[in-house]
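# Structural features, examined
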Amino acid sequence: MRYAPAILVGRSVRTLARLRKPGGGSAVPGLVVNRIAPGYLAHALNSFAGGLVIVSGSSGKSTTTKMLVAALRAHGRSVFTNPSTANISQGLTSALLEEADLSGRIARDIAVLEMDEGHGALIAPQLSPRVVALTNVMVDQIDRFHDPEMVAGMLARIAHRATGTVVVNADDAHLVELAEALHDRVQFLRFGVTTEVLDRSRHGLGHARQSEERLPAADGVLVTAVDGRLATLSVDGFEHTINLPARGVHYATDAAAALATAKAVLGEAFDAGVACAAIGAIPPVFGRGEVVSIDGQNVEFVLVQNPASFQLNIDTVDTDAPKLFAIGSDVRDPSYFWPVDTSALGSVDIVSGSKAAELALQLAYDDVRIGRVEDDLARAIDDFLAAPPPSRGMKTIIFSADSMRRTRAHLGLTADTEVVS
Amino acid sequence: MTVSITVAVIAPSLLNTNGDAENAQVLARRARWGGAEAVVVPVEHPDDLPPDPDAIVIGSGSDADLEAARDLLLAIHDELRVAATRGVPILAVGTGLELLSWGIEHDDNTVTEGLGLVAGRAVANTARVSDDIVVASPRFGRLVGFENHARAYVGAEGSPLGRVAYGVGNGRDSSQEGVVMGEVIGTHLHGPLLAKNPAMADHLLASMFTRLGAGYVAGERAVEADKHAARARAAILERLGQTAD
């Protein structure tokens, strides 16, 4: 009962936070408990009977985690999982406190955690995950982490903690090398795509360094065909058809990662048919906001009004999605937005609105890559919509209220349907 | 040898209403872009204060948190004084400046004692000021920012940060803004003033690097960010009818 006092304090803080702001204050109990009982987070995460599973990588970890959790639950396993947040330690501790008894334990079989590679590498030394699944090392995000080698190093630190199995993408040369270095210590499961699938994907797979050879079908979980939102995967030599939450070979690869990881976790109990059905049933993935169809292409609108909604809404924006970000004259002085961490956006294709330069300045200091700054919002919108459709994710327009009104007026959208945020 | 920079930011949970505490991140980023290692250490408790910080940032908060912020500052009073004497840059914004002064005189005639680290005191003003501000500073060139404060500041006439070209600044018809003592800078320019005024940021960084026996050169990415700063400044100056940079 070492952590009982800290847990009681955490519960009181949560109650106080909710009295002050109903439904809010979610990270505060975690902040407090991490301060007074710094060992609690690792203790709780290491105490699941069925073990801890960590999913990390540059891209696709959020979808892979959702798919894996669905597959495990379909096998009757009770799973603890984390909402993806910017500050993983505080958010995780707060989420654990929601379910912990006084000894700090959670009455669930397995914990499945999605970890940002940076945060993951920081807390990994204290964790003993049974399974670590690594999706990829992508060039997309190098502006956050300087270079792919740095990302690979962070993922290696996480993989190094695995006690049972490491699941890696066989098409990613960084991950294959990482796996080979750990060869005598843990088991390996691999997933990947066939030569045919690779040849048909116009923009490639996006790995910082692609493996020279494709995975043979007998050696793991393989994506053998992708057609819109339908994919065919080979598991243990048997073909399965699966419904993807969105179009694209990336989502099929996420499904392959989830299947391989579920197999590593469940062992003999793994049933590929059950897992595929569960993955196919998860709802389409969109960020927070409204999806609008403009001339046949879907575009997501995300509204930012104050620092809290700003942070919450951009944290759910798909890093891989093309983005237009506009702040208008409704924001007199954008200083108060600076406490918002915008780094999760990764990149913004066009920065616009009457406060474009000030927004670009904040994004630059958060290491967000900026395509261009276009003061004229109408022109920015036209150029953004005219760009080719993305290989992954949906074009996303993030705006303040004023820029939202101007965008809707420019596109001839009715003003009475307000953005749900 | 790589230069290693530690920026302490005091009570960001209380003193970051306008994003002023983010100036610590601005210094750390620019230091990294200039090839150094840099960390920002939030100081919410006296024990959090790193032993020999290379810069200290104190942001602005609401009056409800004045006492709590002052008590934390009092607990690290000696360390702040030693840092100031050693030439460690200390940037104090709004309430942060007021708390480093002799004290704050409230409307109800009560006084919040300050640390007395810089000359001057905060006194009642006729109305809250909330508008753009442009300051001509002999040391940092033209400063562009936003001010948002309820009180005036008197007693800094001997060493102000600069002369007000647009806005109010210290008020009471002084036409002056802020206070400077060595590398201690107090100002009403809130928010990310170091990002919008990179000349000031680089002055502080040069002084930090020099203390560590190294030279500072702005990195490529700082030069890129400064282009956004130049455009933001140009838009504000044009709106205010001021001459361009």
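Residues numbered from 1 in each chain as written. Chains lettered and ligands numbered in written order. Predicted model: local features only at pLDDT ≥ 70, side-chain atom pairs only at ≥ 80, totals over all residues.

## A look at the overall build of chain A
This is how it is decided: Secondary structure elements follow DSSP: runs of H or I of four or more residues count as helices, runs of E of two or more count as strands, with numbering from the N terminus. Exposure in this text rests on C-beta crowding, where 20 or more other C-beta atoms within 10 Å of a residue's own make it buried, 12 or fewer make it exposed, and counts in between make it partly exposed. The C-beta atoms are placed from the backbone. Note on contacts: residues are paired as contacts if their backbone-placed C-beta atoms lie within 7 Å.
Of regular secondary structure, chain A possesses 16 helices and 15 strands. Going through the 421 residues of chain A one by one, you find that 50% of them count as buried. Partitioning the intrachain contacts of chain A with sequence separation of at least 6 by distance along the chain shows that 72% fall at a separation of at least 24.

## Structural notes on the overall build of chain B
On a plain count of helices and strands, chain B comes out with seven helices and 12 strands. Evaluated residue by residue, chain B yields a buried proportion of 53% over its 245 residues. A separation threshold of at least 6 residues defines the contact pool for chain B, and within that pool the share at least 24 residues apart is 68%.

## Quick notes on the confidence of the model for chain A
Detailed reading of the predicted coordinates is not advisable wherever pLDDT is low. Heads up, the condition is: Per-residue confidence from the predictor is reported as pLDDT, a score between 0 and 100.
Of the residues in chain A, 88% reach a pLDDT of 70 or more, and the chain-wide mean stands at 84. Low pLDDT, under 50, characterises residues 415–421 of chain A; the predicted model gives this stretch 12 contacts beyond four residues in sequence or across chains.

## Topic: the environment of A:Ala208
Residue and element names in this part refer to chain A. With respect to the helices and strands, the residue Ala-208 is situated in the loop between helix H10 (195–200) and strand S7 (220–227). For Ala-208, a count of 20 C-beta atoms within 10 Å corresponds to the buried category. Placed 71 residues apart in sequence, Ala-208 and Val-137 show a C-alpha to C-alpha distance of 5.8 Å.

## Remarks on the nonpolar core
Stated formally: The nonpolar core criterion groups buried Ala, Val, Leu, Ile, Met, Phe, Trp, Tyr and Cys residues into a set whenever they are joined through C-beta atoms within 7 Å.
Counting 116 residues, the largest nonpolar core has A:Val351, A:Ala360, B:Val7, B:Ile10, B:Leu27 and B:Ile56 as its most contacted members. Here this core gets eight residues from one element, more than from any other, and that element is helix H14 (residues 356–365) of chain A. Not counting the four nearest positions on each side in its chain, B:Leu27 is found in contact with B:Val7, B:Ala55, B:Leu194, B:Ala201, B:Leu204 and B:Leu205.

## Here's the deal with the interface of chain A and chain B
Quick note on the threshold: When residues are sorted by character, Ala, Val, Leu, Ile, Met, Phe, Trp, Tyr, Cys and Pro go into the nonpolar class, Asp, Glu, Lys and Arg into the charged class, and all the rest, Gly among them, into the polar class.
The interface is formed by 12 residues belonging to chain A together with 20 residues belonging to chain B. The residue makeup of the side of chain A that touches chain B, split by class, is nine nonpolar, one polar and two charged.

## Here's the deal with H14(A)
Here H14(A) lies mainly inside the structure; 10 of its 10 residues are buried. Residues of H14(A) that are buried include every one of A:Ala356, A:Ala357, A:Glu358, A:Leu359, A:Ala360, A:Leu361, A:Gln362, A:Leu363, A:Ala364 and A:Tyr365, and no others. Against strand S12 (323–326), strand S13 (347–352) and strand S14 (369–374) of chain A together with helix H1 (23–33), helix H5 (193–196) and helix H7 (220–239) of chain B lie the buried residues of H14(A). A:Asp367 sits one or two residues past H14(A) and shows a positive phi near 65 degrees.

## Some remarks on the sheet that holds strand S1 (residues 52–56) of chain A
Residues and elements named next belong to chain A. What counts is decided by this rule: Pairing between strands is defined by DSSP: at least two bridges between them are needed. As a rule, the C-alpha atoms of each element are fitted with a line to give its axis, helices using only the stretch in contact, and angles between N-to-C directions run from 0 to 180 degrees.
If you trace the nine strands from one edge of the open sheet to the other, you get S2-S3-S1-S4-S5-S6-S7-S8-S9, paired in mixed fashion. Among the strands making up the open sheet, the edge pair consists of strand S2 (79–81) and strand S9 (238–243). Between one strand axis and the next, the sheet turns through 20 degrees on average, direction left out of account. This element, helix H8 (residues 148–159), spans S1, strand S4 (131–134) and strand S5 (165–169) of the sheet and lies at about 160 degrees to S4. The strands that helix H9 (residues 173–181) touches are S4, S5 and strand S6 (187–193); relative to S5, the one it contacts most, it runs at about 155 degrees.

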